[in-house]
Amino acid sequence: MSKIMLFLLTIRWQDVVDISLNSYILFRLYVIFRNTNAFRVMIGFLFLWFFQRIAISLGLILTSWAVQGITAAAALIIIVVFRKEIRSILQTRNFKTILWGFPRRSITTPVDLVAETVHELAQEKTGALIVIPGNEELKEDVHSGIPWQGLVSKEMLKSVFWLDSPVHDGAAIIRGDRVIEVGAVLPLSQRKDLPSYYGTRHRAAAGLAESTDALVIVVSEERGSITIAKGSRIHTIKRQEDLAKILRQHMGSGEKEKGSVRREKIELTAAAMVSVLFIVGMWFGFTRGLDTLITVEIPVEYMNRNAKMEIVDTSVNSLRLDLSGSRAIVNSIRPEQIRVRLDLGDAAVGKNRLAVTSETIDLPPGVVLKKVEPSVVEVVLDVPIRKVLPVQVVWTGRLGDHLIMRRLEVEPEKIEVIGGSRILNETSTVYTDAIPLDVIDKAGMRTVTVGVFLNPPTLTFAPGSKGSVTVKYYVEERKASGS
Amino acid sequence: MHRVIKIFSIVSISLGLLVAISSVGLCVEGNNPPQAPVPSDCTLLEAVMCEEVSAQSPKNQSTVFSIALGEISCFTLFGSVSKETVVYHYWFRRDTLIKRIQLHLNPPRWRTFSSIELREADKGPWRVEIRDRNGIVMEILRFSITD
């Protein structure tokens with residue numbers, strides 16, 4: 001019990017938001033893509049992924065390798081194979097429907113009228129082929145249709161399939177309360193298991209039903225029977241009521257029976273629970289999985305420094321952190337997600353020892369600090385002061401043996417610098433950049449402007465002090481006897 | 001009689017207080033002696049860096065010396081040497097003290113010098129601080145040792 005309490009205490013509000021958000025996203029994906037072929041295939045790939053994990057845990061090297069390859073290609077396969085279905089689903093949904101609505105097809109098709117007409121056509125042995133589209137677009141599967149856009153009526157449907165009508169051999173496509181196309185040519189099924197007495201109409205109905213989610217009604221001209229094709233199933237309908245019922249089921253829940261509405265509610269509730277359980281499982285896998293250790297080197301940041309002081313020295317510039325967490329989290333860590341910030345609010349002039357604790361380190365969620373090295377950082381603070389220092393010229397190279405530099409003048413002789421009192425109290429001279437001697441080949445007076453080099457770099461020139469000086473030097477020919 | 005004793009007592013107490021006050025004053029004075037500048041025993045008349053000192057004179061004064069010379073000197077001439085005393089030559093490479101040389105002076109005028117041998121590691125900016133026996137800097141000579 002205490003373990004459960006301890007575990008609950010480790011859960012942060014971010015974890016709750018994380019799980020809720022992702023559960024909802026998963027649930028919405030289910031709501032949007034349910035009853036589609038793409039969704040069924042995705043479920044299949046999910047099982048494949050579980051199978052792969054089991055194979056890995058059992059040590060089945062070849063199996064896990066093969067399944068891993070298949071699942072890796074899963075996303076690509078789904079997108080390529082079901083691009084049409086995915087596109088049509090996303091196109092027919094608005095933003096609200098995608099986020100929180102429950103997609104229901106608007107049932108405006110006069111189902112009873114269609115059922116009655118089909119029934120009468122069957123009795124009259126008038127051949128007919130009627131397509132009721134589902135969610136998917138049919139443009140890529142249906143060809144040569146003549147746009148119609150006529151309101152559905154018994155007379156109109158009968159006239160379309162009347163034997164002398166020029167479009168009676170093609171299919172009529174009904175969307176909503178309109179016949180949108182007539183004389184449409186459907187893809188023929190290549191199945192070998194269809195009854196031999198099925199003619200072209202039946203094969204066309206089966207072909208379209210196989211490749212889309214449309215429902216296709218066939219009225220046999222020879223036998224006067226009504227056949228329904230949806231998915232891979234084809235069956236004969238005897239009664240007009242049965243046909244109406246099937247049509248309602250195909251078109252959505254608006255006219256569903258009470259039982260089917262309740263079933264849908266149960267289905268959605270179950271889907272929501274499965275989504276939550278799945279995401280919780282994944283969250284456990286990510287955050288409470290096997291520990292992976294990683295060592296990172298992170299620069300130290302200082303905060304709350306007294307504005308009158310400045311940092312003149314630190315024992316280290318970065319710290320080595322040993323971190324642990326699940327492999328997925330540890331592998332996704334970026335250095336900028338980790339910060340080490342030491343508080344200089346209580347620091348004084350001189351050497352300060354600051355302890356590095358877990359409170360001073362910002363880590364990404366799910367990452368645990370195992371070790372810090374070093375655990376103490378020494379920071380030397382100083383108060384900036386001003387000091388006037390003489391400038392000394394630095395020479396490099398070699399002056400010719402026949403020459404001698406008698407004297408030199410530096411203008412200005414002294415410059416004012418700003419820096420930490422501890423450093424400046426020990427500094428008595430500032431030096432110029434090196435001036436080459438090798439270029440001097442004859443006697444005379446020369447003038448050169450040269451920069452002044454401040455060391456350590458924390459020193460700066462006081463306002464009004466230039467970072468350079470003018471050096472005037474006098475070179476003479478060396479006399480044999482000296483002077 | 002009583003009156004004499006009374007006067008004697010008053011005088012004694014007054015004297016005692018006077019002695020006490022003056023002794024306290026002396027103590028205070030003794031604790032805080034006046035910070036008068038200590039007069040130097042000598043005056044620096046000349047200070048130069050040179051390649052060598054020959055016949056008590058500096059030869060080839062310069063501000064840049066090649067390491068090939070092997071040795072350089074700091075020559076100083078003092079006047080008004082009131083008594084036997086000492087001065088010091090502090091040799092610095094950059095801000096690091098390399099050598100401190102004590103030199104004796106004799107009245108009334110005295111020439112003296114110090115030298116260092118040059119090595120490869122000696123290249124860079126140098127200075128020699130000439131200080132009196134109290135450590136007060138009398139002069140700073142700046143020069144460079146090069147290739």
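Note that the structure is a prediction, hence the values are computed from the model and not measured. (Residues numbered from 1 in each chain as written. Chains lettered and ligands numbered in written order. Predicted model: local features only at pLDDT ≥ 70, side-chain atom pairs only at ≥ 80, totals over all residues. Heavy atoms only, no water.)

**Overview of the overall build of chain A**
Definition in use: Helix and strand definitions follow DSSP, with helices as H or I runs of at least four residues and strands as E runs of at least two, each counted in order from the N terminus. Only protein chains enter the area calculation, which uses a 1.4 Å probe; residues under 20% of their type maximum are buried, those over 50% are exposed, and those in between are partly exposed. A contact between two residues is defined here by any heavy atoms of the two lying within 4.5 Å. The accessible surface values rely on the Shrake-Rupley method and a 1.4 Å probe; as for residues, cover is taken only from the protein chains in view.
In terms of regular secondary structure, chain A is built from 14 helices and 22 strands. By residue count, 40% of the 483 residues in chain A fall in the buried class. Excluding contacts between residues fewer than 6 apart, the proportion of contacts in chain A whose partners are at least 24 apart in sequence is 72%. About 27,400 Å² of surface is accessible on chain A, with carbon and sulfur atoms providing 58% of the total.

**Quick look at the overall build of chain B**
Secondary structure assignment for chain B yields one helix and nine strands. Written out in order from the N terminus, the α and β elements of chain B read α-β-β-β-β-β-β-β-β-β. Within the span of chain B, comprising 147 residues, buried residues form 38% of the whole. In chain B, the share of contacts with a sequence separation of at least 24, taken over all contacts with a separation of at least 6, comes to 61%. With the model as given, the accessible surface of chain B reaches about 8,700 Å², and the carbon-plus-sulfur share is 58%.

**A closer look at the interface of chain B and chain A**
For the record, the criterion: Buried area is understood as the total, over both parts, of accessible area removed when two parts are fitted together, assessed with a 1.4 Å probe. One side-chain nitrogen of Lys or Arg within 4 Å of one carboxyl oxygen of Asp or Glu is enough to make a salt bridge. The term polar contact refers here to a pair of N or O atoms within 3.5 Å; inside protein, the definition further demands a hydrogen-donor-capable atom paired with an acceptor-capable atom, and it admits residues adjacent in sequence only when both atoms are side-chain atoms. Ten residue types, Ala, Val, Leu, Ile, Met, Phe, Trp, Tyr, Cys and Pro, are classed as nonpolar, four, Asp, Glu, Lys and Arg, as charged, and the remainder, Gly among them, as polar.
Counting from both sides, the interface comprises 20 residues of chain B and, opposite them, 21 residues of chain A. Buried area between chain B and chain A, summed over both chains or domains, comes out near 1,700 Å², and the portion from carbon and sulfur atoms is 43%. Inspection of the chain B/chain A interface yields one salt bridge. Measuring nitrogen to oxygen at the nearest pair gives 2.8 Å for the salt bridge that ties A:Arg478 to B:Glu51. One can count 16 residue pairs in polar contact (both at pLDDT 80 or more) joining chain B with chain A. Of all the secondary structure elements, the ones that give two or more residues to the side of chain B that touches chain A are β2 (57–61), β3 (64–66), β8 (124–131) and β9 (137–146) of chain B. Of the residues that constitute the side of chain B that touches chain A, the class distribution is six nonpolar, seven polar and seven charged.

**Regarding the confidence of the model for chain B**
All names here are of chain B. Note the threshold: pLDDT: the predictor's confidence for each residue, scored from 0 to 100.
In the predicted model, chain B carries a mean pLDDT of 81, and 74% of its residues have values of at least 70. Low pLDDT, under 50, characterises residues 15–34; the stretch is placed with zero contacts to residues that sit more than four places away or in other chains. Here the complex is predicted with pTM 0.44, and the ipTM for its interfaces comes to 0.72.

**Notes on the packing of helix α8 (residues 111–123) of chain A against helix α11 (residues 240–251) of chain A**
Residue and element names in this part refer to chain A. Formally: Interaxial angles span 0 to 180 degrees and are taken between N-to-C directions of axes, which are lines fitted to C-alpha atoms, for helices over the stretch in contact. Small angles under 35 degrees read as roughly parallel and large ones over 145 as roughly antiparallel, with 65 to 115 read as roughly perpendicular and the rest as oblique. Put simply, a crossing is left-handed when the front helix is turned counterclockwise from the back one by less than a right angle, and right-handed when it is turned clockwise.
Closest axis-to-axis distance for the α8/α11 pair is 9 Å, and the angle between their directions is 140°. It follows from the interaxial angle that α8 and α11 lie oblique. As for how α8 packs across α11, the hand of that crossing is right-handed. Contacts between α8 and α11 pair Val111, Asp112, Val114, Ala115, Glu116, Val118 and His119 from the former with Gln240, Leu243, Ala244, Leu247, Arg248 and Met251 from the latter. Taken together, the residues that form the contact of α8 with α11 break down as eight nonpolar, two polar and three charged.

**What to know about the sheet that holds strand β15 (residues 376–382) of chain A**
Residue and element names in this part refer to chain A. This is how the line gets drawn: Strands pair, by our definition, only if DSSP identifies at least two bridges between them.
In spatial order, the strands read β9-β15-β12; together these three strands make up an open sheet with antiparallel pairing. The open sheet terminates on both sides in strands that have one partner only, identified here as β9 (310–314) and β12 (350–355). For this sheet, the mean inter-axis angle between neighbouring strands, taken without regard to orientation, is 35°. Sheet topology places β9 next to β15; four bridges connect them, and they run antiparallel. Opposite glutamate 310, over in β15, you have aspartate 382 as the bridge partner.

**Regarding the layout of surface pockets**
All names here are of chain A. Selection criterion: A pocket here means an open set of points on a 1 Å grid, computed over the protein atoms alone, that has protein on both sides within 12 Å along at least five of seven lines. A cavity is instead a set of points where a 1.4 Å probe fits but cannot get out; residues with an atom within 4 Å of a point line either one. Grid points are joined across faces, edges and corners, and a volume is the space filled by probe spheres set on the points.
By volume, the second largest pocket is sized at about 720 Å³. Considering the residues around the second largest pocket, the lining is formed by 23 residues, among which Leu26, Phe39, Met42, Ile43 and Leu46 are closest to the centre. At the level of elements, α2 (13–33), α3 (37–58), α5 (74–81) and α12 (258–287) are the ones that each hand at least two residues to the lining of the second largest pocket. The greatest single-element share of the lining of the second largest pocket, amounting to seven residues, is contributed by α3. Taken together, the residues of the lining of the second largest pocket break down into 20 nonpolar, two polar and one charged.

**Re the pattern of salt bridges**
Counted by the stated rule, this structure contains 32 salt bridges over all chains. The salt bridge partner of A:Arg334 is A:Glu336, with a shortest N-O separation of 3.1 Å. Assessed through its relative accessible area of 57%, A:Glu336 is described here as exposed. Residues B:Arg127 and B:Glu129 are paired through a salt bridge, measuring 3.0 Å at the closest nitrogen-oxygen approach. With respect to class, B:Arg127 is no different from B:Glu129; both count as buried. Residues joined in a network through salt bridges with shared partners are A:Glu116, A:Glu120, A:Glu124, A:Lys154 and A:Lys158.

**Some thoughts on the nonpolar core**
All names here are of chain A. Heads up, the rule is: In this description, a nonpolar core means a group of buried Ala, Val, Leu, Ile, Met, Phe, Trp, Tyr and Cys residues linked to one another through side-chain atoms lying within 4.5 Å.
Core analysis: the largest hydrophobic core is formed by 30 residues, its most contacted members being Val118, Ile174, Val179, Ile217, Leu243 and Leu247. Of all elements in the fold, only α8, β1 (128–132), α9 (154–160), β3 (171–175), β4 (178–184), β5 (215–219), β6 (226–230) and α11 reach the threshold of two or more residues within this core. With six residues, α8 is the largest single contributor of residues to this core. Discounting chain neighbours no more than four positions away, the residues touching valine 179 are Trp148, Gln149, Gly150, Val152, Met156, Leu157, Ala172, Ile173 and Ile174. Core analysis: the second largest hydrophobic core is formed by 27 residues, Val380, Val410, Val417 and Ile423 among them.

**Overview of the packing of aromatic side chains**
To keep it simple, the criterion reads: A pair of aromatic rings is counted whenever rings of Phe, Tyr or Trp (Trp by its six-membered ring) have centres within 6.5 Å, and the orientation is called stacked for planes under 30 degrees apart, edge-to-face for over 60 and tilted otherwise.
Across all of its chains, the model carries nine aromatic pairs over all chains by this definition. A centroid spacing of 5.3 Å and a plane angle of 65° characterise the contact between A:Trp49 and A:Phe50, whose relative ring orientation is edge-to-face. Under the relative-accessibility criterion, A:Trp49 is labelled partly exposed at 36%. An angle of 15° between the planes, with centres 6.5 Å apart, marks the rings of B:Tyr90 and B:Phe92 as stacked. You'll find B:Tyr90 and B:Phe92 in the same group, each marked buried. Clustering of aromatic rings is evident, with ring pairs tying together B:Phe65, B:Trp91, B:Trp126 and B:Phe143.

**Re α8(A)**
All names here are of chain A. Here is the rule: Multiply 1.5 Å by the residue count of a helix minus one, and that product is the helix's expected span.
For α8, spanning 13 residues, the distance from its first C-alpha to its last is 18 Å, which sits close to the expected 18 Å at 1.5 Å a residue. Restricting attention to buried positions, one finds in α8 the residues Val111, Val114, Ala115, Thr117, Val118, Glu120, Leu121 and Ala122. Looking at the buried positions of α8, the neighbouring elements they touch are β1, α9, β3, β5, β6 and α11. Residue lysine 125 follows α8 closely and has a positive phi angle near 55°.

**Overview of the pairing of strand β7 (residues 233–237) of chain A**
Sheet topology note: the β6(A)/β7(A) ladder contains five bridges and is antiparallel. Residue pairing in the sheet places A:Lys230 in a bridge with A:Arg233 of β7(A).

**Considering the side chain of A:Ser324**
Its place among the elements puts A:Ser324 in strand β10 (residues 318–326). The exposure class assigned to A:Ser324 is buried, which follows from its relative accessible area of 2%.

**Side note on the confidence of the model for chain A**
Residues of chain A with pLDDT of at least 70 account for 90%, and the chain-wide mean is 83. Looking over chain A, one finds the lowest element-wise mean pLDDT in helix α6 (residues 83–92) of chain A, namely 68, and the highest in strand β22 (residues 468–477) of chain A, namely 94.

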